[in-house]
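# Residue-level structural notes
So you can see what is in the structure, the chains are spelled out below.
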Amino acid sequence: EDKVVQSPLSLVVHEGDTVTLNCSYEVTNFRSLLWYKQEKKAPTFLFMLTSSGIEKKSGRLSSILDKKELFSILNITATQTGDSAIYLCAVATINDYKLSFGAGTTVTVRA
Amino acid sequence: GAGVSQTPSNKVTEKGKYVELRCDPISGHTALYWYRQSLGQGPEFLIYFQGTGAADDSGLPNDRFFAVRPEGSVSTLKIQRTERGDSAVYLCASSSGTGQWTGELFFGEGSRLTVL
């Protein structure tokens, strides 16, 4: 059974801080790892990572994948209150389109 | 519509009743997914449609759960003889289903089901 573990479960930071979220996985026939942001109800797509060592970047968010050690990190620099959300990590397998999600990390950014 | 639309947004029912949850995907998206999210957990896969057919229903927890997509667009998730453990947010997502898979699913706001 596919396993996706995120840490920490939650964290509270102040505006301007940098946060690092972790995602480790155990999956057969790995295809991709994905990050989603869930602010209230609907998760929204952030990144898809397929290759090791190649950083994906979007504004203040960046992510990288290590396929040897089976983990990914998501970094958020210069955090803003609008970054407060649940960050979900998911994996997809080859020949399969369903995603297996972790439990998420709740990030709270205080002004 | 512009995004994935789900109705109802909230449903309260009594144990043993039948419920239907509706999903209207983004126009032109052939792939449609249902997920279930319990409090403090990530979304859990239920079923995936490609067009009208259920390509993968391996996530449906038991035979009380059934989903249809008769014309390849709107989908309905049906739950018979509801139990308190069915209480959760039911999320629908769609994606283009053609071309290179990007991993980007477009989620609706969900239907929160509460079984008393």
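Let me begin by describing the structure that accompanies this report. Counting from 1, residues in each chain are numbered in the order their sequence is written. Each chain takes a letter, starting from A, and each ligand takes a number, starting from 1, following the order in which they are written. Side-chain atom pairs in this predicted model are given and counted only at pLDDT of 80 or more, local residue features only at pLDDT of at least 70, and totals for whole chains, interfaces and linings cover all residues. The basis for every side-chain value is the complete set of non-hydrogen atoms in the structure, without hydrogens or water.

## Notes on the interface of chain B and chain A
We apply this condition: Two residues form a contact once any of their heavy atoms are found within 4.5 Å. Note on definitions: buried area is the accessible-area loss of two parts on being combined, 1.4 Å probe, summed for both. Salt bridge criterion: a side-chain nitrogen from Lys or Arg within 4 Å of a carboxyl oxygen from Asp or Glu.
Each partner contributes to the interface: chain B provides 20 residues, whereas chain A provides 19 residues. In this assembly, chain B packs against chain A so that about 1,700 Å² is buried in total across both faces, 60% of it on carbon and sulfur atoms. Considering only the side of chain B, the residues that lose the most area to chain A are B:Trp101, B:Phe107 and B:Glu109, jointly responsible for 35% of the buried surface there. In this assembly, chain B and chain A are joined by one salt bridge.

## What to know about the state of the cysteines
Put simply, the rule is: The definition used for a disulfide is geometric: two cysteine sulfur atoms within 2.5 Å. Note on conventions: DSSP H or I runs of at least 4 residues are helices, E runs of at least 2 residues are strands, and numbering of each starts at the N terminus. The buried label goes to any residue with under 20% of its type's maximum accessible area, the exposed label to any with over 50%, and the partly exposed label to all in between, with areas taken from a 1.4 Å probe on protein chains only.
This model, assessed by the stated rule, comprises two disulfides over all chains. One disulfide in the model links A:Cys23 with A:Cys89; its S-S distance is 1.9 Å. Across the S-S bond linking A:Cys23 and A:Cys89, the dihedral sits near -70°, which makes this disulfide left-handed. Linking A:Cys23 in strand β3 (residues 19-26) with A:Cys89 in strand β9 (residues 85-93), this pair joins segments that are 66 residues apart in sequence. The two residues A:Cys23 and A:Cys89 agree in class, both being buried. Each sulfur of the disulfide joining B:Cys23 and B:Cys92 lies 1.9 Å from the other. With the S-S dihedral at roughly -70°, the linkage between B:Cys23 and B:Cys92 falls on the left-handed side. Linking B:Cys23 in strand β3 (residues 19-24) with B:Cys92 in strand β9 (residues 88-95), this pair joins segments that are 69 residues apart in sequence. Here B:Cys23 falls in the buried class, since its relative accessible area comes to 0%. Owing to a relative accessible area of 0%, B:Cys92 belongs among the buried residues under this scheme.

By themselves, these observations are geometric and do not establish any function.
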